[in-house]
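Spelled out from the first residue to the last, the chains are:
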Amino acid sequence: MLAAVMAVSSPVPGAAPTGDVSFASHGVTLRGTVVAPEGGGPAPGIVMVHGSGEHERDDYRTEAEAFAKAGIATLIYDKRTEGYSLFERDYSVLADDALAAVQALRSYPGVDPARVGVWGLSEGGWVAPLAASKSKDVAFAVTVGANGVSPDRQQSWAFETYLRRGGVTGSMVDMVASTNMRTLAGAGVFPEAGYDPVPVLEKVRQPVLGLWGELDRLTPPGEAVRIFRETLERTGNRQYTLKVFPQAQHGLRRTTDGFDKLDGFVPGYLELVGTWVNGLKDGPVQPSADPPPVQASESAALAPLAWYEAPWSQIAVWALALLAFAAYPVTALFRRRKEVVPFARPARWLASTGLLATAGFLVYYIALTTGAAMAPGPVLFGRTLPWLALQLISVGVVVAGVLTAVSWWRRKDNGGVRVGLLVGGAVVFVPWAVHWGLLVP
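Residues numbered from 1 in each chain as written. Predicted model: local features only at pLDDT ≥ 70, side-chain atom pairs only at ≥ 80, totals over all residues. Heavy atoms only, no water.

**Structural notes on the layout of surface pockets**
By rolling a water-sized probe across the atoms, one finds the places where empty space is left. Volume-wise, the largest pocket comes out at about 1,400 Å³. Contributing to the lining of the largest pocket are 47 residues, with Ser52, Ser122, Gln154, Gln155 and Leu218 lying nearest its centre. Per element, the largest residue contribution to the lining of the largest pocket is six residues, and it comes from helix α4 (residues 151-165). Its residues assigned to classes, the lining of the largest pocket shows 22 nonpolar, 16 polar and nine charged. In terms of domain composition, the lining of the largest pocket takes at least three residues from each of domain 1 (20-150 + 195-289) and domain 2 (311-436). The calculated volume of the second largest pocket comes to roughly 490 Å³. Counting residues per element, the lining of the second largest pocket draws most heavily on helix α10 (residues 344-370), which supplies six residues. Across the lining of the second largest pocket, the residue classes tally to 14 nonpolar, four polar and no charged. (1 Å grid on protein atoms, 1.4 Å probe; cavity = no way out; pocket = protein on both sides within 12 Å on 5 of 7 lines; lining within 4 Å. Points joined across faces, edges and corners; volume = space filled by probe spheres on them. Helix = DSSP H or I, 4+ residues; strand = E, 2+ residues; numbered from the N terminus. Nonpolar A, V, L, I, M, F, W, Y, C, P; charged D, E, K, R; others polar. Domains from an automatic or database assignment.)

Printed below as a string of structure tokens:
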């Protein structure tokens, strides 16, 4: 449930008058600021819906100031932190937050309640249409860098695009963009991974202004433009404007290649929002769509996990291999006799490389997942240096495992359970390493 409760402060003088508001949604009080246009008369209004991550109202103040100068009252607010994190979020709740903000702006002095809509950037491109689909009080929807595909599919495409731009190819790309994303979704730690924006777009009856950067590297922009147009046309909502800006990145900042972000927004973006929103009072929007921009690659739906790929199965296999490799040097500390084992050297190599491969992969995987090591850095043979090192160590595990197993088979009177457990660790390690790409080119 949501309720709009407003506490309005007196607007203060400045480039654009402002007033503070607060409103409640799902038991949380959210606070924001209305950046209002100067002059009299009822003005249209925009509620700005955040992109992913933590955001405060001032993150969007530049746009709000520009929209206010165009005669649009703009509400920016602090994003909720309760129930929202890297591993927890609910787009329906975020849409309700936006709707509570819409009610607050509709009640704000000098705002025309019949002309208040929503603006959403990136993640907000999923949330803003959802809010519009849930309430007729939303007069229009503006999206920037919106997706036509699910979050897991979008993130997979973005990871692959980023890594290939850095020169990374082969198994590391597949591990990060596919195996990793499928595992996170299967483990339930990728919130809203399978959210499908198309059924929501099918319910939107309000005018839609969709904006994309030609060089967007986070959202597959060509697919998004096509999906938006096809969906709106199919459902009979022909009040849309779909615009692609050249030399613009995901958030419509100027860019040279889509990965850097230069100062200032791309020319024409802020002006278009102002003229489009103000023009809604003059009658229905005529359908207009730019050609979809060219993408280097198409996004792909991620296959569900097979039973053996289940996260807990993978964790169990990893832990068994790690324990098997660790047991060999640990038990050596408690052996009473120091008999000579003919194959001690390959066994020691197997234990050492096995520990390095399993423990090293975990460290690198966590660093990649949290973003700490996502930057490719130096690349050799299409691999980052840490990934290349892990692959070479993994090959060492296989070689040492074969040598140890052969020697153990020939000398059954030596090694016993210790070596058997060590070889068993290598046997378990191989399919696990293949699954995660450590033994794949």
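**Observations concerning the pairing of strand β9 (residues 240-245)**
Extensive coverage of β9 is indicated by the burial of five of its six residues. Here six bridges tie strand β8 (residues 208-213) to β9, and the two strands are oriented parallel to one another. By the bridge assignment, glycine 213 is partnered in β9 with phenylalanine 245. Of the crossover connections in this fold, the one passing from β8 over helix α7 (residues 221-234) to the parallel β9 is right-handed. (Buried < 20%, exposed > 50% of the residue type's maximum accessible area, 1.4 Å probe, protein only. Pairing = 2+ DSSP bridges. Right-handed = clockwise from strand over helix to strand, strands pointing away.)

**Description of unusual backbone geometry**
Despite not being glycine, histidine 26 has its phi angle at roughly 50 degrees, a positive value. Within the fold, histidine 26 resides in the loop between β2 (18-25) and β3 (28-35). Unusually for a residue other than glycine, glutamate 192 sits at a positive phi of about 60 degrees. Along the chain, glutamate 192 turns up in the loop between α5 (171-186) and α6 (197-201). Since its relative accessible area comes to 22%, glutamate 192 is described here as partly exposed.

**Quick look at the UniProt feature "transmembrane region" (unreviewed entry) in the protein**
The sites that UniProt annotates as "transmembrane region" (unreviewed entry) are residues 315-334, 346-367, 387-409 and 421-439. Note that residues 387-409 is 100% helix and 0% strand, and that its end C-alpha atoms are spaced 33 Å apart. Secondary structure across residues 421-439 divides into 79% helix and 0% strand, with the first and last C-alpha atoms of the span separated by 22 Å. (UniProt positions renumbered as here; feature names shortened; annotations may be inferred.)

**Brief notes about the pattern of salt bridges**
Taken as a whole and assessed by the stated rule, the structure comprises 17 salt bridges. Salt-bridge contacts for aspartate 78 lead to arginine 57; the nearest nitrogen and oxygen are separated by 2.8 Å. In this pair, aspartate 78 sits in the loop between β5 (73-77) and α2 (91-106) while arginine 57 sits in the loop between β4 (43-49) and α1 (61-69), placing the two residues 21 residues apart along the sequence. As a salt-bridge pair, arginine 80 and aspartate 97 come within 2.7 Å of each other at their nearest N and O atoms. (Salt bridge = Lys/Arg side-chain N within 4 Å of Asp/Glu carboxyl O.)

**Comments concerning the packing of α1 against helix α8 (residues 269-279)**
Across the interface, α1 lies against α8 with an axial gap of 9 Å and an inter-helix angle of 45 degrees. As far as their axial angle goes, α8 and α1 are oblique. For α1 against α8, the interelement crossing comes out right-handed. Residues Glu63, Ala66 and Phe67 of α1 pack against Tyr269, Leu270 and Val273 of α8. Looking at the contact of α1 with α8 residue by residue, the classes come out as five nonpolar, no polar and one charged. (Axes fitted to C-alpha atoms, helices over the stretch in contact; angles between N-to-C directions. Parallel < 35°, antiparallel > 145°, perpendicular 65-115°, else oblique. Left-handed = near helix turned anticlockwise from the far one by under 90°. Contact = heavy atoms within 4.5 Å.)

**Notes on the domain arrangement of the protein**
Under the domain assignment used here, the protein contains domain 1 (20-150 + 195-289) and domain 2 (311-436). Its C-alpha centre places domain 1 at a distance of 50 Å from the equivalent point of domain 2.

**Some words on the nonpolar core**
Among the nonpolar cores identified, the biggest contains 38 residues, and Met175, Val176, Phe361, Trp387, Phe429 and Trp432 are the most heavily contacted of them. Elements with a minimum of two residues in this core: α4, α5, α9 (311-332), α10, α11 (385-410) and α12 (416-435). Sort the elements by how many residues they give to this core and α10 lands first, with eight residues. Formed by 36 residues, the second largest nonpolar core is a distinct cluster that contains Leu75, Tyr108, Val111 and Val127. (Core = buried A, V, L, I, M, F, W, Y, C linked by side-chain atoms within 4.5 Å.)

**Examining empty space enclosed by the protein**
Taken as a whole and assessed by the stated rule, the structure comprises three cavities of 30 Å³ or more. In this model, the largest cavity occupies a volume close to 60 Å³. Every residue along the wall of the largest cavity is listed here: Val49, His50, Tyr77, Lys79, Arg80, Leu94, Asp97, Glu123 and Val127.

**Points about the packing of α2 against helix α3 (residues 124-134)**
Contact geometry of α2 with α3 gives a least axis separation of 8 Å together with a crossing angle of 65 degrees. If you check the angle between α2 and α3, you find them roughly perpendicular. Of the two elements, α2 crosses α3, and the hand of that crossing is right-handed. Every residue of α3 that contacts α2 at Tyr91, Ser92, Leu94, Ala95, Asp96, Ala98 and Leu99 is listed here: Trp126, Val127, Leu130, Ala131 and Lys134. Taken together, the residues of the contact of α2 with α3 sort by class into nine nonpolar, one polar and two charged.

**Comments concerning the pairing of β2**
Counting buried positions along β2 gives six out of eight residues, so the element sits mostly inside the fold. Where β2 lies against β3, eight bridges are found, and the strand directions are antiparallel. Pairing of aspartate 20 across the sheet is with threonine 33, part of β3. The hairpin turn running from β2 into β3, its antiparallel successor, is two residues long, and histidine 26 in that turn takes a positive phi close to 50 degrees.

**Thoughts on the UniProt feature "domain: Peptidase S9 prolyl oligopeptidase catalytic" (unreviewed entry) in the protein**
Annotation from UniProt places "domain: Peptidase S9 prolyl oligopeptidase catalytic" (unreviewed entry) at residues 94-258. Helix makes up 45% of residues 94-258 and strand 16%, and the two end C-alpha atoms of the span are 28 Å apart.

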